[in-house]
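# Observations on chain architecture
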Amino acid sequence: MAQVQKMIPETESRPEARPVTVAIGIPSCGRKDILSAVLPLISRQTRQPDEIYVCLSSPEDMDPSCVAGLSARVIVIISERGSCRQRNRILAAARSDVILFLDDDFLMAPSYIEEVGRLFSENEDVVVATGTLIADGIIGPGISVDSGLQLIEADLAKPRPAPTVKPIYNAYGCNMAVRTGPARDAELSFDENLPLYGWLEDVDFSRLAATLGRVVQADSLVGVHLGTKKARTPGIKFGYSQIANPIYLIRKDTMSIRHAGVQIVRNLIANVVKVWRPEPWVDRKGRLRGNARAFLDLLAGRLAPKNVEGLE
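Here's a quick rundown of the structure.

The rules we used
- Residues numbered from 1 in each chain as written.
- Predicted model: local features only at pLDDT ≥ 70, side-chain atom pairs only at ≥ 80, totals over all residues.
- Heavy atoms only, no water.
- Axes fitted to C-alpha atoms, helices over the stretch in contact; angles between N-to-C directions.
- Helix = DSSP H or I, 4+ residues; strand = E, 2+ residues; numbered from the N terminus.
- Parallel < 35°, antiparallel > 145°, perpendicular 65-115°, else oblique.
- Left-handed = near helix turned anticlockwise from the far one by under 90°.
- Contact = heavy atoms within 4.5 Å.
- Nonpolar A, V, L, I, M, F, W, Y, C, P; charged D, E, K, R; others polar.
- Polar contact = N/O pair within 3.5 Å; in protein donor to acceptor, adjacent residues only side chain to side chain.
- 1 Å grid on protein atoms, 1.4 Å probe; cavity = no way out; pocket = protein on both sides within 12 Å on 5 of 7 lines; lining within 4 Å.
- Points joined across faces, edges and corners; volume = space filled by probe spheres on them.

Turning our attention to the packing of helix H8 (residues 257-274) against helix H9 (residues 284-300). Orientation of H8 relative to H9, taken along the N-to-C sense of each, is 130 degrees, at an axis distance of 9 Å. The angle between the axes of H8 and H9 places the two elements in the oblique class. Crossing angle aside, the handedness with which H8 passes H9 is left-handed. Together, Ile264, Leu268, Ala270, Asn271, Val272 and Lys274 of H8 and Arg284, Arg287, Leu288, Asn291 and Phe295 of H9 make up the contact between the two elements. Looking at side-chain class alone, the contact of H8 with H9 contains six nonpolar, two polar and three charged residues.

Time to look at the environment of Arg179. As for its position among the elements, Arg179 is in strand S9 (residues 175-179). Separated by 55 residues in the primary sequence, Arg179 and Glu124 have C-alpha atoms spaced 9.2 Å apart. Not counting the four nearest positions on each side in its chain, Arg179 is found in contact with Arg18, Val20, Asp97, Phe120, Asn123, Glu124, Val126 and Val127. From its side chain, Arg179 meets the backbone oxygen of Phe120 in a polar contact 2.9 Å long.

On inspection of all chains with the given rule, the structure shows three cavities of 30 Å³ or more. Each pocket or cavity is described by its volume, and for the largest cavity that value is around 120 Å³. Around the largest cavity, the lining comprises 13 residues; the ones closest to its centre are Leu41, Ile42, Phe106, Leu107 and Met108. Sorting the residues of the lining of the largest cavity by element identifies strand S6 (106-108) and helix H4 (145-156) as the ones contributing at least two each. Looking at which element gives the most residues to the lining of the largest cavity, the answer is S6, with three residues. When the residues that make up the lining of the largest cavity are grouped by side-chain class, the tally is 11 nonpolar, one polar and one charged.

Taken by themselves, the reported measurements are silent on function.
Written as structure tokens, this is what we have:
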């Protein structure tokens, strides 16, 4: 395990509420360029994290020099590939009160970590919180780092209403803050039966966490998900997961039949309709093949999320 350590800044005292420590946790695989571009931007935060954990599938996934300008301690963990597996390694290692899980292509507004600290300090019953996206490149061709930063700057220039916190069915995994104490006490973890991209692992974790406290969305937590396409799960594997994962979560009782049904039907229709004129950044034919394989496995009684590992 490689490790880069620096001085940990003292946590700012907050007389009105108990201060909390905040760590950032980023799982990444095969995206050295985007990680090297995004990690240094943490230095722009008005409050620096107390720790930063980066979980990689290989040491080659990160250029160590990209964290040279950060004031927080940076710990690099090497793990087998899989977003759930990598998140669990971070969750086990982190010592802060709150771990903020970020995708490697998520850009935070400058006050993001400060607002996370305030939210969890002032609301002791909140166990999971997610932010509000200015834009999400996952539903399009993706957003460049420069364009994402411009979107954040433009948003900062707008007048903002009083911040609100509202209950939400599930956090969005690209920016998902977890209170570590209750999670550890309940032995909560991300389900490693959801391999590779781990699609819907945020729903599963959120519904389990909801038994421990509130799962919320805060509009004071603002960011941009770039939706970088490099090293994404192949079409056939993701298409299989689009069917297998929600059915698995229904059986596990962490996703309602209504929510799972909407997910399955929406994705299936999109793949059927768009396969004739697919977006350049989406393998619709592969996804549709994966959908079909999943339904065949369902009929044969062998449907399981881990089957994607054997698909070609």
